[in-house]
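One letter stands for each residue in the lines below.
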There are 2 protein chains.
Amino acid sequence: MRFVEDKILESGVIVNDDILKVDSFLNHQIDTEFALRIGKEFADSFGEFNKVLTIETSGVAFAITTAMAKGNCPIVFAKKSKSAIVDALSCYHADIKSFTRGVVSDVTVNKKYLNNGDKVLIVDDFLAEGNAALGLISIARQAGAEIVGVCAVINKIFQGGEKKINDLGIKVVSGARISSIENGDLKFE
Amino acid sequence: MRFVEDKILESGVIVNDDILKVDSFLNHQIDTEFALRIGKEFADSFGEFNKVLTIETSGVAFAITTAMAKGNCPIVFAKKSKSAIVDALSCYHADIKSFTRGVVSDVTVNKKYLNNGDKVLIVDDFLAEGNAALGLISIARQAGAEIVGVCAVINKIFQGGEKKINDLGIKVVSGARISSIENGDLKFE
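Calculation rules
Numbering of residues begins from 1 in every chain and follows the order in which that chain's sequence is written. Going through the entries in the order they are written, you letter the chains from A and number the ligands from 1. Only residues with pLDDT of at least 70 get local features here, since the model is predicted, and only at 80 or more are side-chain atom pairs given and counted; chain-wide, interface and lining totals rely on the full set of residues. Excluded from the side-chain calculations are hydrogens and water; all other atoms, namely the structure's heavy atoms, are used. If DSSP finds at least two bridges between two strands, the strands pair. Runs of E in the DSSP output that reach at least two residues are strands. Runs of H or I that reach at least four are helices, and both are numbered from the N terminus. Under the scheme applied here, a residue whose accessible area is under 20% of the maximum for its type counts as buried, over 50% as exposed, and between as partly exposed, the area being computed with a 1.4 Å probe on protein chains only. Think of it this way: Lys and Arg go in the positive column, Asp and Glu in the negative one, and His and the chain ends go nowhere. Salt bridge, as applied in this entry: a Lys or Arg side-chain nitrogen positioned within 4 Å of an Asp or Glu carboxyl oxygen. We call two residues in contact when some of their heavy atoms are within 4.5 Å. Superposing copies: least-squares fit, C-alpha atoms only, residues required to have pLDDT of at least 70 in both. Axis definition: a line fitted to C-alpha atoms, over the contacting stretch in the case of helices. Angles run 0 to 180 degrees between N-to-C directions. What counts as a ring pair is set by centres within 6.5 Å for rings of Phe, Tyr and Trp (its six-membered ring), and what kind of pair is set by the plane angle: stacked under 30 degrees, edge-to-face over 60, tilted for all other angles. Two limits define a charge over a ring: the Lys NZ or Arg CZ must be within 6 Å of the ring centre, and within 35 degrees of the ring normal.

Colleague: Break down the sheet that holds strand β4 (residues 51-55) of chain B for me, citing the residues and quoting the values.
Modeller: Spatially, the seven strands line up as an open sheet ordered β3(A)-β5(B)-β4(B)-β8(B)-β9(B)-β10(B)-β11(B), and their pairing is mixed. The open sheet terminates on both sides in strands that have one partner only, identified here as β3 (29-30) of chain A together with β11 (185-188) of chain B. Inspection of the sheet shows β4(B) paired to strand β8 (residues 119-127) of chain B by three bridges, in the parallel sense. From the neighbouring strand, L53(B) faces β8(B), where its bridge partner is I122(B).

So, in structure tokens, the structure goes:
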């Protein structure tokens, strides 16, 4: 999507060959108009779905705008840390390694909020090695839900996540597909 | 707001006299239509503001819908954990104790995203003892920003947070104001 590429070129900061910093509009400050436009594009790229699944925190804004564009559709966000008021047996789990932080989190979704028969669209801010998306796919499958597709605002295809998801037979829709970041130079596919 | 009270009575679960669990529509699964309606009510309750400030994770959805109702207004969410790609000196800080978890987090906002002259509306899912809101007020004041008000979807007034914020001369707008939870019985003010 051209407007996402333009936004990255205008406001993104290349930290190194692996990391693009976009906290001015995507994952610390969020550009509301941008989030609305992305949500509409994501929702329009798929047929029926009745639930949007994301992971805290940065996916929530784009999950909400995608759900809004769809109409009356709830979102569920997977949690990285345990609440004092949730018991472990009541949850689906996946171990997800953070790309930027390196830490592994036990990510959970309460079994009440994903069900057999749900048509789930997975939405996140970034797709890099695919750890978060694969963890969410595992959680949705534990619930017996159908995975309609995966959406990422920024897809760093050179880090391999998209291929792993496609290999599972799942479609990926991206705001921008980055084919390389080398010596401060970013290329879109 | 009557529709928030109805939603709590219909879908909330009283865990004990301090804790109301609303993860079916507020802070795990999120009811999108409900979030949109709340956002409109919050935005309409205040005059001018140019930025919505919240804290990860559950505040993000309601911050986004408030910002949408306002029009072209970004949101900023304060972060509880440190990113590998953010340096501490570039941030405003506050120590915030979680009401349900008991842990203290060093919460940060990058100095680039809050500025002298900003008119900031603070939005969160819950207001209990007021720790999160007071931390966000401190962060906004460190930036020299004006605090237009504080919004909470659910305000447990018997836990004292609202009074502390009002004592600073700051207006609080709530979706529902709960005056007591005793022996499984919840009362609205």
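Having seen the model, we can carry on.
Colleague: Quick one: what's the story with the side chain of D124(B), residue by residue and with numbers?
Modeller: All names here are of chain B. Along the polypeptide, D124 turns up in strand β8. One buried charged side chain, D124, makes no salt bridge at all; its nearest oppositely charged neighbour is K80, positioned 7.5 Å away. When residues no more than four places from it in sequence are discounted, the contact partners of D124 are T54, I55, G59, A132, C151, A152 and V153.

Colleague: Describe the relation of the copies chain A and chain B, naming the residues involved and giving the relevant values.
Modeller: Between chain A and chain B, the superposition needs a rotation of 180° and an axial shift of 0.0 Å, giving an RMSD of 0.0 Å. Here the symmetry operator amounts to a two-fold rotation axis. Residue T57(A), judged by its C-alpha, is the member of chain A lying nearest the rotation axis, at 2.7 Å. Comparing interface residues between copies, 100% of those in chain A also lie at the interface in chain B; the contact surface is shared.

Colleague: For the sheet that holds strand β3 (residues 29-30) of chain B, give the residues involved together with the corresponding values.
Modeller: Read from one edge of the open sheet, seven strands run β11(A)-β10(A)-β9(A)-β8(A)-β4(A)-β5(A)-β3(B), paired in mixed fashion. Taken across any chain shown, the strands that pair with only one partner, and hence form the sheet edges, are β11 (185-188) of chain A together with β3 of chain B. Bridge count for strand β4 (residues 51-55) of chain A against strand β5 (residues 75-78) of chain A is four bridges, and the pairing is parallel. Residue pairing for β5(A): V52(A) is matched across the bridge by I75(A). Its contacts with the sheet place helix α1 (residues 2-11) of chain A against β9 (146-156), β10 (172-182) and β11 of chain A, and it is angled at close to 180° to β11(A).

Colleague: Run through the pairing of strand β10 (residues 172-182) of chain B, naming residues and quoting values.
Modeller: All names here are of chain B. Judged by how many residues are buried, β10 sits mostly within the fold: eight of 11 residues are covered. Across six bridges, the pairing between strand β9 (residues 146-156) and β10 is parallel. Paired with V150 across the bridge in β10 is V172. In this sheet, β11 lies alongside β10 in antiparallel orientation, the contact comprising four bridges.

Colleague: Could you give an account of helix α1 (residues 2-11) of chain B, with specific residues and numbers?
Modeller: Within α1(B), burial applies to F3(B), V4(B), E5(B), K7(B) and I8(B). In this structure, the buried residues of α1(B) make contact with β2 (20-21), α2 (32-44), β9, β10 and β11 of chain B.

Colleague: So what's going on with the packing of aromatic side chains? Which residues, and what values?
Modeller: Summed over the entire model, instances satisfying the criterion amount to six aromatic pairs over all chains. Measuring from ring centre to ring centre gives 5.8 Å for F3(A) and F34(A), while their planes differ by 65°; the resulting arrangement is edge-to-face. Residue F3(A) is located in helix α1, and its partner F34(A) is located in helix α2 (residues 32-44); the two are separated by 31 residues in the primary sequence. F34(A) shares its class with F3(A); the two are buried. Here the aromatic rings of F25(A) and F34(A) are separated by 5.2 Å at their centres, their planes lie at 85°, and the arrangement is edge-to-face. In this pair, the class of F25(A) matches that of F34(A), namely buried. R37(B) extends its terminal NZ or CZ atom over the ring of F3(B), reaching a point 4.0 Å from the ring centre.

Colleague: Explain the pattern of salt bridges to me, using residue names and the numbers behind them.
Modeller: Any two side chains of opposite charge can pair if their charged atoms end up close together. Taken as a whole and judged by the stated rule, the model has 20 salt bridges over all chains. With a closest N to O distance of 2.3 Å, R177(A) and E162(A) form a salt bridge. Remark: E162(A) occurs in helix α5 (residues 161-167) and R177(A) occurs in strand β10; sequence separation between them is 15 residues. When its relative accessible area of 11% is taken as the criterion, E162(A) is described as buried. The residue R2(B) makes a salt bridge to D6(B) at a minimum N-O spacing of 3.2 Å. Separated by four residues within a single helix, R2(B) and D6(B) lie in helix α1, roughly one turn from each other. Residue classification places D6(B) among the partly exposed positions, given a relative accessible area of 34%.

Note that all results are geometric; they support no functional claim without further evidence.
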